[in-house]
There are 2 protein chains.
Amino acid sequence: MSPSIVSVEAHDVRFPTSRMLDGSDAMNPDPDYSAAYVIVRTDAGDGHEGHGFAFTIGRGNDLQTAAIATLAPLVEGLPLDDTLADMGAFWRHLVHDSQLRWLGPEKGVVHMAIGALVNAVWDLKAKREGKPLWKLLADLTPEQIVDLVDFRYLTDALTRDEALSILRGAAAGRAEREEHLRANGYPAYTTTPGWLGYDDDKLARLCKEALAAGFDQIKLKVGADLDDDIRRMRIAREICGPDVLIGVDANQRWDTDVAVEWIRALAPYDPCWVEEPTSPDDILAHAEIARAVAPIKIATGEHVQNRVVVKQLLQARAIEVLQIDATRVAGVNENIANLLLAAKFGVPVCPHAGGVGLCELVQHLAMFDYVAVSGSLDGRVIEYVDHLHEHFLDPVVMDHGRYRAPTEPGFSSTVRQDTLTTYAYPGGPAWTG
Amino acid sequence: MSPSIVSVEAHDVRFPTSRMLDGSDAMNPDPDYSAAYVIVRTDAGDGHEGHGFAFTIGRGNDLQTAAIATLAPLVEGLPLDDTLADMGAFWRHLVHDSQLRWLGPEKGVVHMAIGALVNAVWDLKAKREGKPLWKLLADLTPEQIVDLVDFRYLTDALTRDEALSILRGAAAGRAEREEHLRANGYPAYTTTPGWLGYDDDKLARLCKEALAAGFDQIKLKVGADLDDDIRRMRIAREICGPDVLIGVDANQRWDTDVAVEWIRALAPYDPCWVEEPTSPDDILAHAEIARAVAPIKIATGEHVQNRVVVKQLLQARAIEVLQIDATRVAGVNENIANLLLAAKFGVPVCPHAGGVGLCELVQHLAMFDYVAVSGSLDGRVIEYVDHLHEHFLDPVVMDHGRYRAPTEPGFSSTVRQDTLTTYAYPGGPAWTG
């Protein structure tokens, strides 16, 4: 008997982060960082499980968890070896279900649930192969990598052959870059100082701590009040000096004309990029803002629903920084499409992270990008936030402002068993106590 | 004591339409037309309930129903009079919940659930005022209408003042157009002949029946096989003659270059528009296809997630026909934004309908558009499909290829009680029998 996937178990896990205003920004005043968490089990008898999750910020995490359960019948019973051998087919099996597709298509709760499942099965595959996910991906051939990607709706910007060319072009230096990555890690920036709910003293103190920890880029949340933003940006710039990069993040608060005005008012403090100036759906507005505020860079991605919107943001020259998120789109496969699109357009990928476990996941994608896709670290940093890492079995390791390359097998996505119990919502002791 | 909304009750209702291949197209081979149905009850003691729903095509309707239940706590307990008096505030209360917003934002399952609730409360309001919804809306002042719209992310294309100008410009002829509407109805086209699962004989027979019923526009599903499409288009054109309009609908099957090639191959049969040539998220691809196949018109809308994407399709001149859907976006309010955007850009609105109850709902929006927004019937038709109307208490009435204006109070959204029981999924006798 060849082994099968036997169960998909979904958990609603929430952390009461709103009590400290951690994670507060202009659009999200009081998030409770949460995970719709999934465990995929097999009857292979090897002790390996696949763990994955979608990240949410509280209310609705029950619905996100239910979405994973809705998809479970498409996964339970699948033959294990065939599934792991053709992860492109597995992705299409979930994304192209003709009835479920109506609920998106390819966006929102269902798409994020597919992302959780796809990521969980990648975690399982990497554990079984005894490799961290970034290394597993970086060891694939260009042909194997493009087989993971669904090129539907992409071919006006990127064909399979073009993707193959990009990957073959990067094949030469893989070993050297892998060595560099293991020795030096991947550069990071920190958002920890800049949450909107923090007062000026806390902002100043956390900026100093960030510098002391070795970061040479930080980020501030903006967009609620212009005078506040100017004052906070001035404080941060005074402490950081002229050489440390400071990004700002408006979390979708502005319409086009307000964005342009606000960004110009912050320009004297030299923001290295402006993130999410407006709706993540608004390709044309991003392009218009980018033209108006150049050379200040526009960045987005954490709420970009799928590869079709990523493609257009790049085609329209609407962004100069792509911020992929590990759990917004349909998992590893779709983010490989996003990395290839960014490489095609020469736009650096600086992943969104923070939340619950987003740092743990997305580091693998950025490292794979460096070793096997873009082949570059120029202008590239992974976001870092120092929240909730203690709940993971294989948490990220920061080393003087850089992510150290994971060495444990898997996707670094496995949460501690006691965390699943303690933070279960609504019945866990963190919520009833 | 002033009355309140006391309960939000959600039902998973499904019709086994896949057994007859009704509704089959190139992307959706076997839909089971379904409704995530909601009943909003109050303690006003006037006997009125608000009924609304999101339309889906089967699997996942449980999740869509759960999404309505997730939103229920935001609605239950609201003061009734204040809520009905400021439906713009009610809309923002649901759409801008900061935690739930993460699950979209403003797209997919959560947004459709908001649409069901918003539409249900509009139904309640119209029943209480004793008017069909189209008439209730058409009796509002321009100021009251713009207060229903959230202009966030729209102002680069349409400001509140511009919307007011459009509505004031249409105010003069309202009474005359209302009279015309009551006397003559609203023009329709029928999709009944053209489902992809029907054989040539059935296609030919249904084309003849459509002409006999007074329709002067029909629609064919295309996109699975080009030779089949050419043959079916030729059959339809031969039966219809040169003067009847024939639209085609590819249901998102193509990439840009395939779309252009396929549309050119169908051009000799004079399609009046090509609907959903590619991903509904792909504004730039629609624009490219539209340029390449002009003067053949490109249409889309039924899967367009929100007003931000509608805005861009219009800004990019990507569509010449906007096909709003009553339950895809967040209900009446957002569709008023869409009608105003279309009026601003001079693009006719030809609503998507069919499914379960989509005809019943969207006729009200088109009629409101004619009386109070665009003020025109030129190039405007509402889709009609002859399925499932018997389940509604106030079904659409077709009169020689035109929708008769509803006269009953409400949104025509109330399903018969025995239907809710019979088609309850999975326990109803239609599914267990």
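Quick caveat, the model's predicted, so the values are computed rather than measured.

Participant: How should I be thinking about the overall build of chain A in this particular structure?
Facilitator: When you go through chain A residue by residue, the secondary structure sums to 17 helices and eleven strands. Principal-axis analysis of the C-alpha atoms places the extent of chain A at approximately 65 × 55 × 45 Å. Each of the 433 residues in chain A was classed as buried or not, and the buried ones make up 59%. Across chain A, every contact between residues at least 6 apart in sequence was considered, and the portion connecting residues at least 24 apart equals 76%.

Participant: How should I be thinking about the pairing of strand β1 (residues 5-14) of chain B in this particular structure?
Facilitator: Put simply, side chains in a regular strand alternate between the two faces of the sheet. Residue and element names in this part refer to chain B. With seven of ten residues buried, β1 lies mostly within the body of the structure. Summarising the sheet, β1 and strand β2 (residues 34-42) pair through nine bridges and their orientation is antiparallel. What sits directly across from Ile-5, in β2, is Thr-42.

Participant: Hey, could you run me through the sheet that holds β1 of chain B in this one?
Facilitator: Strands belonging to one sheet form pairs held by backbone hydrogen bonds; the direction of such a pair is parallel or antiparallel. All names here are of chain B. With respect to topology, three strands assemble into an open sheet ordered β1-β2-β3, the strand pairing being antiparallel. Looking along the sheet, the strands with just one partner apiece sit at the ends: β1 and β3 (50-56). Pairs of neighbouring strands in the sheet enclose a mean axial angle of 20 degrees, with direction left out of account. Contacting β1, β2 and β3, helix α1 (residues 61-75) runs over the sheet at an angle of about 175 degrees to β1.

Participant: Explain helix α11 (residues 256-266) of chain B here, please?
Facilitator: Given 3.6 residues per turn, any residue in an α-helix points the same way as the ones three and four places further on. Among the residues of α11 of chain B, those classed as buried are Thr-256, Ala-259, Trp-262, Ile-263 and Leu-266 of chain B. The arc that holds the buried residues of α11 of chain B, viewed along the axis, is 130 degrees, so those residues lie on one side.

Participant: Where do I start with the sheet that holds strand β3 (residues 50-56) of chain A in this structure?
Facilitator: Residue and element names in this part refer to chain A. Within the open sheet, the three strands sit side by side as β1-β2-β3. Their pairing is antiparallel. The strands lining the two open edges of the sheet, one partner per strand, are β1 (5-14) and β3. Taken over all neighbouring pairs, the strand axes of this sheet differ in orientation by 20 degrees on average, direction set aside. Each of β1, β2 (34-42) and β3 is contacted by helix α1 (residues 61-75), which is oriented at about 175 degrees to β1, the strand it contacts most. In the packing of helix α4 (residues 108-129) onto the sheet, the strands contacted are β2 and β3, and the crossing angle to β3 comes to about 150 degrees.

Participant: Where do I start with the relation of the copies chain A and chain B in this structure?
Facilitator: Each of the two chain copies can be brought onto the other by rotation about an axis and movement along it. Relative to chain B, chain A is turned by 180 degrees and slid 0.0 Å along the rotation axis, the superposed coordinates differing by an RMSD of 0.0 Å. Such a turn and shift between the copies fits a two-fold axis. When each C-alpha of chain A is compared by its distance to the rotation axis, Gly-108 of chain A comes out closest, at 2.5 Å. Comparing interface residues between copies, 100% of those in chain A also lie at the interface in chain B; the contact surface is shared.

Participant: Sorry if this is basic, but what is going on with the interface of chain A and chain B here?
Facilitator: Contacts between chain A and chain B engage 50 residues on the former and 50 residues on the latter. Broken down by secondary-structure element, the contributors of at least two residues to the side of chain A that touches chain B are α1, α4, α11 (256-266), α12 (283-293) and α13 (307-315) of chain A. Looking at which element gives the most residues to the side of chain A that touches chain B, the answer is α1 of chain A, with six residues. Split by residue class, the side of chain A that touches chain B holds 20 nonpolar, 19 polar and eleven charged.

Participant: How should I be thinking about the environment of Leu-117 of chain B in this particular structure?
Facilitator: Residue and element names in this part refer to chain B. Counting through the fold element by element, Leu-117 comes out in helix α4 (residues 108-129). Judged by C-beta crowding, with 28 C-beta atoms within 10 Å, Leu-117 ranks as buried. When the C-alpha positions of Leu-117 and Gly-50 are compared, they lie 8.7 Å apart, and in sequence the two are 67 residues distant. Excluding residues within four positions of it along the chain, Leu-117 makes contact with Val-38, Gly-52, Ile-68, Leu-71, Val-75 and Leu-94.

Participant: I tried to follow helix α3 (residues 87-95) of chain B on my own but got confused; where do I start?
Facilitator: All names here are of chain B. What α3 keeps buried is the set Phe-90, Trp-91, Leu-94 and Val-95. Down the axis of α3, the smallest arc covering the buried residues is 120 degrees, so these residues share one side. Packed against the buried residues of α3 are α1, α2 (80-85), α4 and α14 (331-345).

About the criteria used
- Residues numbered from 1 in each chain as written.
- Chains lettered and ligands numbered in written order.
- Predicted model: local features only at pLDDT ≥ 70, side-chain atom pairs only at ≥ 80, totals over all residues.
- Helix = DSSP H or I, 4+ residues; strand = E, 2+ residues; numbered from the N terminus.
- Buried ≥ 20, exposed ≤ 12 C-beta atoms within 10 Å, placed from the backbone.
- Contact = placed C-beta atoms within 7 Å.
- Pairing = 2+ DSSP bridges.
- Axes fitted to C-alpha atoms, helices over the stretch in contact; angles between N-to-C directions.
- Arc of directions from axis to C-beta.
- Least-squares fit on C-alpha atoms with pLDDT ≥ 70 in both.
- Nonpolar A, V, L, I, M, F, W, Y, C, P; charged D, E, K, R; others polar.

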